[in-house]
Amino acid sequence: MSFSLADLQNVIRETYGAKDQRRGADGNFMWLMEEIGELAGALRSGTHEEQLGEFADVLAWLATIANVVGVDLAEAVARKYGAGCPGCGQLVCTCADAEKP
């Protein structure tokens, strides 16, 4: 099954759009931070099934915030990473290990 970033944003918008708009970017960001904490716990000591759920939750809240502020995630990712590493410009990153990318 294929599910693109655009599909994710559309499903989240259709399912939760009105609530998300009322909460605004700041309110939704707090939920994202909570889910990132839950993902950290699942990575540390959770089952694979729990990790799957937490990754999905983090992506859903990220899509929520993108929807609220009018960012197309697929476009954002393509612009930044579509040609490879944004640091060195290579498809396989050649940046020093100490650098961010």
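Scroll up to find the structure this text is about.
Just so you know, these numbers come straight off a predicted model, no measurement behind them.

A. Quick look at the environment of E75. Mapped onto the secondary structure, E75 falls in helix α3 (residues 73–81). Relative accessible area serves as the criterion here: at 39%, E75 is assigned to the partly exposed category. Counting along the chain gives 69 residues from E75 to A6, while the straight-line C-alpha distance between them is 9.1 Å.

B. Local environment of a nonpolar patch on the surface. Together, F29, M30, M33 and I36 give the surface a local cluster of nonpolar side chains, amounting to about 380 Å² of exposed area. Tracing the backbone shows M33 in helix α1 (residues 5–45). Judged by its relative accessible area of 36%, M33 is partly exposed.

C. View of the side chain of N67. Assignment of secondary structure puts N67 in helix α2 (residues 48–69). Within the structure, the side chain of N67 is placed 2.8 Å from the side chain of R13, a separation counted as a polar contact. Not counting the four nearest positions on each side in its chain, N67 is found in contact with Q9, I12, R13 and Q21.

D. Inspection of the nonpolar core at higher detail. L8, I12, A60, A63, A66 and L73 together form the largest nonpolar core, which totals 6 residues. Listed by contribution, the elements that provide at least two residues to this core are α1 and α2. Top element by residues in this core is α2. It accounts for 3 residues. A66 has contacts with Q9, V71 and L73, leaving out every residue within four places of it along the chain.

E. Focus on α1. Between its first and last C-alpha, α1 extends only 28 Å over 41 residues, short of the 60 Å set by a 1.5 Å rise per residue. Helix geometry: α1 is bent most strongly at G24, by close to 105°. For α1, the complete set of buried residues consists of L8, Q9, I12, G17, D20, G24, N28, L32, E35, L39 and A42. Looking at the buried side of α1, the elements it contacts are α2 and α3. The N-cap of α1, judged by a side-chain oxygen 3.3 Å from the amide nitrogen of A6 a few residues on, is S4.

F. Structural context of the packing of α1 against α2. Their axes nearest at 5 Å, the elements α1 and α2 cross at an angle of 140°. Considering their axes alone, α1 and α2 lie oblique with respect to each other. Relative to α2, α1 is oriented so that their crossing is left-handed. Looking at the contact of α1 with α2, its residues break down into 21 nonpolar, 7 polar and 8 charged.

Parameters and conventions
- Residues numbered from 1 in each chain as written.
- Predicted model: local features only at pLDDT ≥ 70, side-chain atom pairs only at ≥ 80, totals over all residues.
- Heavy atoms only, no water.
- Helix = DSSP H or I, 4+ residues; strand = E, 2+ residues; numbered from the N terminus.
- Buried < 20%, exposed > 50% of the residue type's maximum accessible area, 1.4 Å probe, protein only.
- Patch = residues over 30% accessible without salt bridge, like charges linked within 9 Å, V, L, I, M, F, W, Y side chains within 5 Å.
- Areas by Shrake-Rupley, 256 points an atom, 1.4 Å probe, with all protein chains shown as cover.
- Salt bridge = Lys/Arg side-chain N within 4 Å of Asp/Glu carboxyl O.
- Polar contact = N/O pair within 3.5 Å; in protein donor to acceptor, adjacent residues only side chain to side chain.
- Contact = heavy atoms within 4.5 Å.
- Core = buried A, V, L, I, M, F, W, Y, C linked by side-chain atoms within 4.5 Å.
- Expected span 1.5 Å × (residues − 1).
- Bend = angle between axes of the 7 residues up to and from the residue.
- Axes fitted to C-alpha atoms, helices over the stretch in contact; angles between N-to-C directions.
- Parallel < 35°, antiparallel > 145°, perpendicular 65-115°, else oblique.
- Left-handed = near helix turned anticlockwise from the far one by under 90°.
- Nonpolar A, V, L, I, M, F, W, Y, C, P; charged D, E, K, R; others polar.

Note that every value here comes from positions in space, so none of it alone points to a role or purpose.
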